[in-house]
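Structure assessment
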Amino acid sequence: MRKALKWTFWILMLLAVAAVVWFFYYNYYFLAFGFMSVLLFVLMAWTTMVQLKNNVNHYKDVRKARAVTDQRSIEEYTR
């Protein structure tokens, strides 16, 4: 399902870029700039989601490493 959503997203983005070009060609500047702002908003949202996912993964990795370190120190003192 994730792969299908990815392809759908890329096809819609390509159609939106084509629509911007088409609107500029036919002198519909208001609609072209509107589509450009929508594309900018989508890219900003996508970037935010990727950054949040990266932060979550980083937090999980740090927490996992800290748990391993704490376990080692407990084992050292209890021997």
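1. Focus: a nonpolar patch on the surface
- Taken together, the side chains of Trp22, Tyr25, Tyr26, Tyr28, Phe30 and Leu31 define a hydrophobic patch exposed on the protein surface, amounting to about 780 Å² of accessible area.
- On the secondary structure map, Trp22 appears in helix α1 (residues 2-25).

2. Remarks on the packing of aromatic side chains
- According to the stated counting rule, one finds 11 aromatic pairs in the structure shown.
- Measuring from centroid to centroid gives 5.0 Å for Phe9 and Trp46, while their planes differ by 70°, and the two rings are edge-to-face. Placement of the pair is Phe9 in helix α1 and Trp46 in helix α2 (residues 29-78), with a sequence separation of 37 residues.
- Relative accessible area serves as the criterion here: at 26%, Phe9 is assigned to the partly exposed category.
- Classification of Trp46 as partly exposed rests on a relative accessible area of 37%.
- Relative to Phe33, the ring of Phe24 has its centre 5.3 Å away and its plane inclined at 90°; by these criteria the two rings are edge-to-face.
- Following the ring pairs from residue to residue traces out a cluster consisting of Trp22, Phe23, Tyr25, Tyr26, Tyr28 and Phe35.

3. Let's talk about α1
- If you check α1, its first and last C-alpha atoms are 35 Å apart, about what 24 residues at 1.5 Å a residue would give, namely 34 Å.
- Within the sequence span of α1, burial applies to Met13, Ala16, Ala19, Val20 and Phe23.

4. Quick look at a positive patch on the surface
- Residues Arg2, Lys3, Lys6 and Lys53 make up a contiguous surface patch of positive charge.
- Looking at which element gives the most residues to the positive patch, the answer is α1, with 3 residues.
- Note on placement: Arg2 falls in helix α1.
- With relative accessibility at 66%, the residue Arg2 sits in the exposed group.

Reading the values: the criteria
Residues numbered from 1 in each chain as written. Predicted model: local features only at pLDDT ≥ 70, side-chain atom pairs only at ≥ 80, totals over all residues. Heavy atoms only, no water. Patch = residues over 30% accessible without salt bridge, like charges linked within 9 Å, V, L, I, M, F, W, Y side chains within 5 Å. Areas by Shrake-Rupley, 256 points an atom, 1.4 Å probe, with all protein chains shown as cover. Salt bridge = Lys/Arg side-chain N within 4 Å of Asp/Glu carboxyl O. Helix = DSSP H or I, 4+ residues; strand = E, 2+ residues; numbered from the N terminus. Phe/Tyr/Trp six-rings, centres within 6.5 Å; stacked < 30°, edge-to-face > 60°. Buried < 20%, exposed > 50% of the residue type's maximum accessible area, 1.4 Å probe, protein only. Expected span 1.5 Å × (residues − 1). Lys, Arg positive; Asp, Glu negative; His and termini not counted. Charge placed at Lys NZ, Arg CZ, Asp CG, Glu CD.

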